[in-house]
Amino acid sequence: DVKVTQSSRYLVKRTGEKVFLECVQDMDHENMFWYRQDPGLGLRLIYFSYDVKMKEKGDIPEGYSVSREKKERFSLILESASTNQTSMYLCASSHRDKDYEQYFGPGTRLTVT
Amino acid sequence: AQSVSQHNHHVILSEAASLELGCNYSYGGTVNLFWYVQYPGQHLQLLLKYFSGDPLVKGIKGFEAEFIKSKFSFNLRKPSVQWSDTAEYFCAVNLYTGGFKTIFGAGTRLFVKA
């Protein structure tokens, strides 16, 4: 059974803080993704990675960066958190050549005050 | 630009009612199509998928979806909903534009009255 875990379910940070969101998958998937989920907007892709040390911008990368030093781990970094980054953040992973089905983590609800 | 539209943001049904959630996409090339479901407090999980072959696909928990290529649609159906189907449903399209990309719709919140 594929498992994608995220470091926190709930997080509260202050404006200007640096925030790290961690995601780990245990299925040796090549692809990993970070989305934010907002009511009425669905899931919007922030960044994705198709291999270690590789990263690609998604649709809304501004204000975020990512790191993929190991295959199983994909980190999302908010360099200086702002209130408009209050959201639910979802991590997902998929096998490169199989089905393109994505497996999702439980999400991190981040509140920036 | 490619996009995925879900027609209803909120749907309220009584138990045993039939369900149809609309999903349309804008892209002229080959697509892979998905419906994901997120039950309250749970992960997003795959409900069903279409890659090729029979355009009527069956998923878990009695759900099915029909791909109509001429209408760029992939509507989700269930003949008789249950209270436990209360969830948010997301349509997603995987397409190739120089690299594979998955686009999600805005989601439809379904509430089933017991």
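Before reading on, note that the structure itself is shown above.
These notes cover the structure that comes with them.

**With respect to the side chain of Gln-6 of chain A**
Residue and element names in this part refer to chain A.
- On the secondary structure map, Gln-6 appears in strand S1 (residues 4-6).
- Gln-6 gets classed as buried once you look at its relative accessible area, which sits at 10%.
- Engagement of the side chain of Gln-6 in a polar contact is seen with the backbone nitrogen of Cys-91, the distance being 3.1 Å.
- Not counting the four nearest positions on each side in its chain, Gln-6 is found in contact with Glu-22, Trp-34, Tyr-89, Leu-90, Cys-91, Gly-105, Pro-106, Gly-107 and Thr-108.

**Considering the state of the cysteines**
- Taken as a whole, this structure holds two disulfides over all chains when the rule is applied.
- The side chain of Cys-23 of chain A participates in a disulfide bridge whose partner is Cys-91 of chain A; the two sulfur atoms lie 1.8 Å from each other. Its S-S torsion of about -75° marks the bond between Cys-23 of chain A and Cys-91 of chain A as left-handed, since a negative value means left-handed. In this pair, Cys-23 of chain A sits in strand S3 (residues 19-25) while Cys-91 of chain A sits in strand S9 (residues 87-94), placing the two residues 68 residues apart along the sequence.
- You can call Cys-23 of chain A buried: its relative accessible area is 0%.
- Residue classification places Cys-91 of chain A among the buried positions, given a relative accessible area of 0%.
- Paired through a disulfide, Cys-23 of chain B and Cys-91 of chain B show a sulfur-sulfur distance of 1.9 Å. Taking the sign of the S-S torsion, -65° for the link of Cys-23 of chain B and Cys-91 of chain B, the bridge is left-handed. With Cys-23 of chain B in strand S4 (residues 23-26) and Cys-91 of chain B in strand S10 (residues 87-96), the pair connects residues that are 68 residues apart, well separated along the chain.
- Classification of Cys-23 of chain B by relative accessible area gives buried; the value is 0%.
- Looking at Cys-91 of chain B, the relative accessible area reads 0%, which means it is buried.

**Some words on the pattern of salt bridges**
- Counted under the stated rule, the structure contains 13 salt bridges over all chains.
- A single salt-bridge network, built from bridges that share partners, covers Lys-58, Glu-64, Glu-66 and Arg-77 of chain B.

**A look at the interface of chain B and chain A**
- Counting residues at the interface gives 19 residues for chain B, matched by 17 residues for chain A.
- Taken over both partners, the interface formed by chain B and chain A buries close to 1,500 Å², and the fraction arising from carbon and sulfur atoms is 55%.
- The three residues of chain B that bury the most area against chain A are His-43, Leu-44 and Phe-104 of chain B, which together make up 30% of that side's buried surface.
- For the pair chain B and chain A, the interface holds two salt bridges.
- With a shortest N-O distance of 4.0 Å, Lys-101 of chain B and Asp-59 of chain A are connected by a salt bridge.
- For the pair chain B and chain A, the interface holds six residue pairs in polar contact (both at pLDDT 80 or more).
- Looking at the side of chain B that touches chain A, the elements with two or more residues in it are strand S5 (31-38), strand S6 (44-50), S10 and strand S11 (100-104) of chain B.
- Broken down by class, the residue content of the side of chain B that touches chain A amounts to nine nonpolar, seven polar and three charged.

**Some remarks on the environment of Pro-61 of chain A**
All names here are of chain A.
- The residue Pro-61 is located in the loop between strand S6 (56-57) and strand S7 (64-70) in this model.
- On the basis of relative accessibility, which here comes to 9%, the residue Pro-61 falls in the buried class.
- The sequence separation of Pro-61 and Leu-45 amounts to 16 residues, and the corresponding C-alpha distance is 8.0 Å.
- Non-local contacts of Pro-61, meaning those with residues more than four positions away in its chain, are made with Ile-46 and Tyr-47.

Cut-offs used in this document
Residues numbered from 1 in each chain as written. Chains lettered and ligands numbered in written order. Predicted model: local features only at pLDDT ≥ 70, side-chain atom pairs only at ≥ 80, totals over all residues. Heavy atoms only, no water. Helix = DSSP H or I, 4+ residues; strand = E, 2+ residues; numbered from the N terminus. Buried < 20%, exposed > 50% of the residue type's maximum accessible area, 1.4 Å probe, protein only. Polar contact = N/O pair within 3.5 Å; in protein donor to acceptor, adjacent residues only side chain to side chain. Contact = heavy atoms within 4.5 Å. Disulfide = S-S within 2.5 Å. Salt bridge = Lys/Arg side-chain N within 4 Å of Asp/Glu carboxyl O. Buried area = accessible area lost by both parts, 1.4 Å probe. Nonpolar A, V, L, I, M, F, W, Y, C, P; charged D, E, K, R; others polar.

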